[in-house]
Amino acid sequence: MLRKTLTEDSFYLNLGPQHPSTHGVLHLLLKLDGERILECKPLVGYSHRAHEHMGQNRTYLQFLPNTSRMDYLGGLCYNHAYCLAVEKACGIEVPERARYIRTVCAELNRISSHLLWFGAYLMDLGAFTPFLYAFDDREDILAILGEVTGSRLTYSYCRFGGVNRDLNQNFLDGTKAFIPKLRKRLKDYRTLVTKNIIFLNRTKGIGTVSAELARDWALTGPNLRACGVAYDLRRAEPYSIYPELEFEIPTATAGDCYDRYWVRMAEMEQSLRIVEQALGRLPEGPVKAAGVPQWIQPPAGDYHFSYESPRGHLGIYFVSDGGRVPLRMKWRTPSFSNLSILSEILPGTLVADTIAILGSIDVVIPEIDR
Amino acid sequence: MNAVVRYLRDVFSGAWSLAMGMSVTLRYMFKPVSTVQYPREAMPLPEVYRGHIELRRFAETGSHGCVACGECFRICPSGVIKVQGLKEEADRPNRAVFYFIDFSRCSLCGLCVEVCPESALAFSKVYEEVGVSRYSTVVDLIARLESQGA
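Residues numbered from 1 in each chain as written. Chains lettered and ligands numbered in written order. Predicted model: local features only at pLDDT ≥ 70, side-chain atom pairs only at ≥ 80, totals over all residues. Heavy atoms only, no water.

On to the nonpolar core, then. Tyr82 and Phe171 of chain A are the most contacted members of the largest nonpolar core, which has 116 residues in total. Looking at this core element by element, the count peaks at 12 residues for helix 4 (residues 96-124) of chain A. Grouped together as the second largest cluster of nonpolar side chains are 21 residues, Cys112, Ala120, Phe123 and Val139 of chain B included. (Core = buried A, V, L, I, M, F, W, Y, C linked by side-chain atoms within 4.5 Å. Buried < 20%, exposed > 50% of the residue type's maximum accessible area, 1.4 Å probe, protein only. Helix = DSSP H or I, 4+ residues; strand = E, 2+ residues; numbered from the N terminus.)

For residues with low pLDDT, the predicted coordinates do not support detailed interpretation. With 99% of its residues at a pLDDT of 70 or more, chain B has an overall mean of 84. Per the prediction output, this complex has pTM 0.87; the corresponding ipTM is 0.81. (pLDDT = per-residue confidence, 0-100.)

All names here are of chain A. Across seven bridges, the pairing between strand 3 (residues 27-33) and strand 4 (residues 36-43) is antiparallel. Of the residues in strand 4, the one forming a bridge with leucine 28 is proline 42. Connecting the antiparallel pair strand 3 and strand 4 is a turn made up of two residues, with glycine 34 showing a positive phi of about 65 degrees. (Pairing = 2+ DSSP bridges.)

Next up on the list: the interface of chain A and chain B. One frequent convention defines the size of an interface as the accessible area lost when the parts assemble. The partner chain B presents 26 residues to the 32 residues of chain A that form the contact. Between chain A and chain B, roughly 2,300 Å² of surface is buried when both sides are summed, and carbon and sulfur atoms account for 55% of that area. Put simply, chain A and chain B have two salt bridges between them. For arginine 159 of chain A, the salt bridge is made with glutamate 114 of chain B, and the minimal N-O distance between the two is 2.5 Å. (Contact = heavy atoms within 4.5 Å. Buried area = accessible area lost by both parts, 1.4 Å probe. Salt bridge = Lys/Arg side-chain N within 4 Å of Asp/Glu carboxyl O.)

Turning to the side chain of asparagine 79 of chain A, a few remarks are in order. Residue and element names in this part refer to chain A. Position of asparagine 79 relative to the elements: it lies in helix 3 (residues 75-90). The class for asparagine 79 is buried, based on a relative accessible area of 0%. Side chain to side chain, asparagine 79 and threonine 67 meet in a polar contact 2.7 Å long. (Polar contact = N/O pair within 3.5 Å; in protein donor to acceptor, adjacent residues only side chain to side chain.)

Side chains bearing opposite charge may pair, as long as their charged atoms lie close to each other. All names here are of chain A. Considering all chains together, one arrives at 29 salt bridges over all chains under this definition. With its nearest N and O atoms 3.6 Å apart, the salt bridge here joins arginine 225 to aspartate 232. Residues arginine 225 and aspartate 232 agree in their burial class; the two are buried. A salt bridge links arginine 225 to glutamate 267, with the shortest nitrogen-to-oxygen separation between them at 2.5 Å. Taken together, the positions of arginine 225 in helix 9 (residues 222-225) and glutamate 267 in helix 11 (residues 257-280) put the pair 42 residues apart, joining distant regions of the chain. Take glutamate 267: its relative accessible area is 1%, and that puts it in the buried class. One network of salt bridges, with partners in common, ties together Glu107, Arg110, Arg225, Asp232, Arg234, Glu267 and Glu308.

Further remarks concern the state of the cysteines. Applying the stated rule across the entire model yields zero disulfides over all chains. Sulfur of cysteine 90 of chain A: no disulfide; nearest cysteine sulfur belongs to cysteine 83 of chain A and is 11 Å away. Of the cysteine sulfurs around cysteine 112 of chain B, a residue in no disulfide, the closest is that of cysteine 109 of chain B, at 6.3 Å. For cysteine 112 of chain B, a relative accessible area of 11% gives the class buried. (Disulfide = S-S within 2.5 Å.)

In this section: the sheet that holds strand 7 (residues 301-309) of chain A. All names here are of chain A. Pairing in this open sheet of three strands is antiparallel, and the strands run 7-8-9 from one edge to the other. Sheet topology places strand 7 and strand 9 (328-332) at the edges, where each strand pairs with a single neighbour. Direction aside, neighbouring strands of the sheet carry axes that sit 10 degrees apart on average. Here nine bridges tie strand 7 to strand 8 (residues 312-320), and the two strands are oriented antiparallel to one another. (Axes fitted to C-alpha atoms, helices over the stretch in contact; angles between N-to-C directions.)

As a further point, take the sheet that holds strand 5 (residues 138-140) of chain B. All names here are of chain B. With antiparallel pairing, the three strands of this open sheet are ordered in space as 2-3-5. Each of the sheet's edge strands pairs with one partner strand only, and the pair in question is strand 2 (81-86) and strand 5. Taking each pair of neighbouring strands and ignoring which way they run, the sheet shows an average axis angle of 15 degrees. With six bridges joining them, strand 2 and strand 3 (residues 95-102) adopt antiparallel strand pairing. By the bridge assignment for strand 3, lysine 82 is matched with phenylalanine 100.

Written out as structure tokens, the structure is:
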């Protein structure tokens, strides 16, 4: 673990690749002076599975199951984003009902992703109870989504031109019961965690990122909004049915760990609002566009699509030569940029704060490496 | 004096926040248990649960309806499926006599089930898959259908 260097004062510490608080195989090389960090170097690539290359040697539809495996916590959001990108390229019109269903499912997925982050983050900070409560709530969402998608984590639910299956009564009843339940739970979380003195002392003023710094390092998602920049792709570059829905973009000002926590908690409430509204206006009709070919062939050219994933800006770029297989596939995943800022904000902090900061930026390692 | 007051206020508000947190925990202590004792209790599976695929039994023929067209084999992203058909009667379509899947590479996307023109495939509800070698993940679907009885 420890390696003595030439100067007696500083030494290197390897945090990871198997440290329990790195949520995966992430390697942080820390140069320390006692407890204080002088330098941090995130080393990534341990769970690289060449998803982009896989996209280049299989057809568009065959790549669909891969998308939910990049970010295993936001699988449905990634399915949704990929389908929207390909539909944009081919000019496929999606039926109204399918657009609503996709949005409802993606927002539920966003809540489940934030809930898991909430539990895991507090576990990193040493609180065990919220973890169990959060997983209890998340279990409800997974059961609801399982009722309609048939799977709990890697959904493969969206299809080009719609969704795989229509919503059933179990889903509608489950969601209706779940929304008030989670609202009550969020109130409990506020008493249990948000006002907790130990939590406040460990997160307030720790890992502060200014808005300029966040822009320089291309921070997106809740991490950027915690710095006071109200940038949300659901509003900035609206897609699907988001322009028709009412929701706010929660922002904070200080950009520290507490603010990043607070923004995510507020986002869950907004997502609940979106789900409620969308289910209230769910139109009737088909859930899949007719006449979408099995072997989809976008016209030659390059296409880009931006999506607000639970962790930030997800960019999908692909080049088509008019054939069944894309010529080039590139995914801009948010965690990669969000992680890079560690080398900027960690120097000067303590080792114990490293865990608080690393947890607060919410990285999913398989998404960084792809 | 001011510093002392502030210090005491911090101590009391901190202790109060911990007490409030504890009250939430205590309240949950008397709520019903949400854990499922897994090997002894089973979770109810959703109707659309996606286990590995299996051949459906058709009541009219008492057997499967696969005509070995190879659509599932072509659409599978991971090359999981191997299917071979035999022409048993000249004026009837082919009939699959050989249908193997390698479950270890299956990503359970369900494209094969969707694409099947004969609706011959369905998802099984199997989720307890344990084997001693990687060959035990290879499933002979026709033998599986026959072993399940009519």
